[in-house]
Structure formats: structure tokens, C-alpha cells
Amino acid sequence: DTEVTQTPKHLVMGMTNKKSLKCEQHMGHRAMYWYKQKAKKPPELMFVYSYEKLSINESVPSRFSPECPNSSLLNLHLHALQPEDSALYLCASSQGFASGEQETQYFGPGTRLLVL
Amino acid sequence: AQTVTQSQPEMSVQEAETVTLSCTYDTSESNYYLFWYKQPPSRQMILVIRQEAYKQQNATENRFSVNFQKAAKSFSLKISDSQLGDTAMYFCAFTNGIYGGSQGNLIFGKGTKLSVKP
């Protein structure tokens, strides 16, 4: 089973709203990722959690706040977003151990976010 | 800096025919991993095939196979017996892995939009 789930599938929010995106995997993976993907572009890495600790923050604005409550869950808290933040937000996970198939990232279906 | 280049923005193929998508990459690392992902209009990113750089044998997955040329830093994807369901954006991607220099970051090419025509 290589399933990563994401909720909600679609989200519309105003610039003053606070919302959260959720990602879940039950594959025993220890690395989880948030990506942002604009239309017709490749995904861009936002955050990496390895063993529930933030490993990479690719200089993402503070209006995006990640949280990893446990090894199966990853949240992305959104506050005071801008219209240019509208995009597809993808979550991915990998086993997190060195070498081999463990490096493969499996993606969820994404949350399509529209900021008005 | 590690980069991935896909030189074909769009391609089309007739159903049942074979098509090859090109990908080149640049890295100074000796150990790394290469992937092809498929993203249909539904937007789910689906793993097609992976290749470990230390393996000389080219990876195959049913109708999908790669031509991995490590010295040339080339990683092309061949799709045999193309089907309508293969219509999608295809991304070539590279990583050193979670403990490598990129700490798990997947570096993507810009993608090739493949259309399979009936």
C-alpha cells in the first residue's frame, strides 16, 4: 500500500482566514514533505520533516506553518495568505532511511487552494 | 547545483506506438536516485519508474523502461504500446536521498506533456 491521503481536496479562503491542510500516511514512512505546485510548473519543495523534526524549510513565508504531530500526520497551517499562494499543495512521504527504494517519494492527491 | 532538464515541452504519439521522453541531469554526486513521475489532468503525481545510480541495469516496469546513461547523465523514458491513459505530464526527478546533500529534496525537470492520440 503506497497511499498518502490529503484533506480537503479543495479549499477556498479569504486573505484573513486561518485554515489547515492535512496529510496522512500509514506506510511507516519517517520522512514527509510539503510541495507547492503552480499550474503547468513542477512541484517546489516547501518543508521536509525527518523523524518528526523539521529538516528543511526552503525559505517559505511565515504565513505557512508546518506541523508534524506524529510520524503518520503532517499539517500545514495557513494564515493571512495572498492570492499568489493559490496553487496545488502536494504532500509526499518516503521511508527516510538511506539508500535504495527508501528514497522514493509517494505523493498524495493534493489540495487545490484558492485564495480570494 | 543539481539540475534536471527536459528538452521536450510537448510530445504526441499514436495509440499502440512507442515514444521516448528525454531527460538529462547535472550533479557532482556519485550516489543518487532518478525517477519518472506521471501527472494526469487529475493532478495526482504517480510514480512510474525509479533508477538507482549505482545499478547498471536499466529499470523496467511493464510497458515503461528507462535508458540510463550515467556517464552522459542521461535518463530517458520509453513507453511501449502507448495507451490513451498514458496521456499526462511526465516529470523527470532527481534526489540524493534524505541523507544526501539535498536532504531528500526532489529536483524536478519542467515536464513533458504527452498526448496519446487514438
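Bear in mind that the values here come from a model prediction, so they are computed numbers and not experimental data.

> Provide a residue-level description of the overall build of chain A, including the pertinent values.
On a plain count of helices and strands, chain A comes out with zero helices and eleven strands. Going from the N terminus to the C terminus, chain A shows its helices and strands as β-β-β-β-β-β-β-β-β-β-β. Relative to the 2.2 N^0.38 estimate, which gives 13 Å for 116 residues, the radius of gyration of chain A is 14 Å and therefore close to what a compact globule would have. In terms of overall dimensions, chain A has C-alpha extents of about 40 × 25 × 20 Å along its principal axes. Residues counted as buried form 50% of the 116 residues belonging to chain A. Contacts in chain A between residues far apart in sequence, at least 24 positions, make up 55% of those at least 6 positions apart. Roughly 5,500 Å² of accessible area belongs to chain A as shown, and the carbon and sulfur atoms make up 49% of that amount.

> Quick rundown of the pairing of strand β2 (residues 10–13) of chain A? Include the residues and the values.
Every regular strand shows the same layout, with side chains that alternate between the two sheet faces. All names here are of chain A. Here β2 shows a clear split, with Leu11 and Met13 buried on one side and none of His10 and Val12 buried on the other. Relative to strand β11 (residues 111–115), β2 is paired through four bridges, and the arrangement is parallel. By the bridge assignment for β11, His10 is matched with Arg112.

Reading guide: rules and limits
Residues numbered from 1 in each chain as written. Chains lettered and ligands numbered in written order. Predicted model: local features only at pLDDT ≥ 70, side-chain atom pairs only at ≥ 80, totals over all residues. Heavy atoms only, no water. Helix = DSSP H or I, 4+ residues; strand = E, 2+ residues; numbered from the N terminus. Rg over C-alpha atoms; globule rule 2.2 N^0.38 Å. Buried < 20%, exposed > 50% of the residue type's maximum accessible area, 1.4 Å probe, protein only. Contact = heavy atoms within 4.5 Å. Areas by Shrake-Rupley, 256 points an atom, 1.4 Å probe, with all protein chains shown as cover. Pairing = 2+ DSSP bridges.

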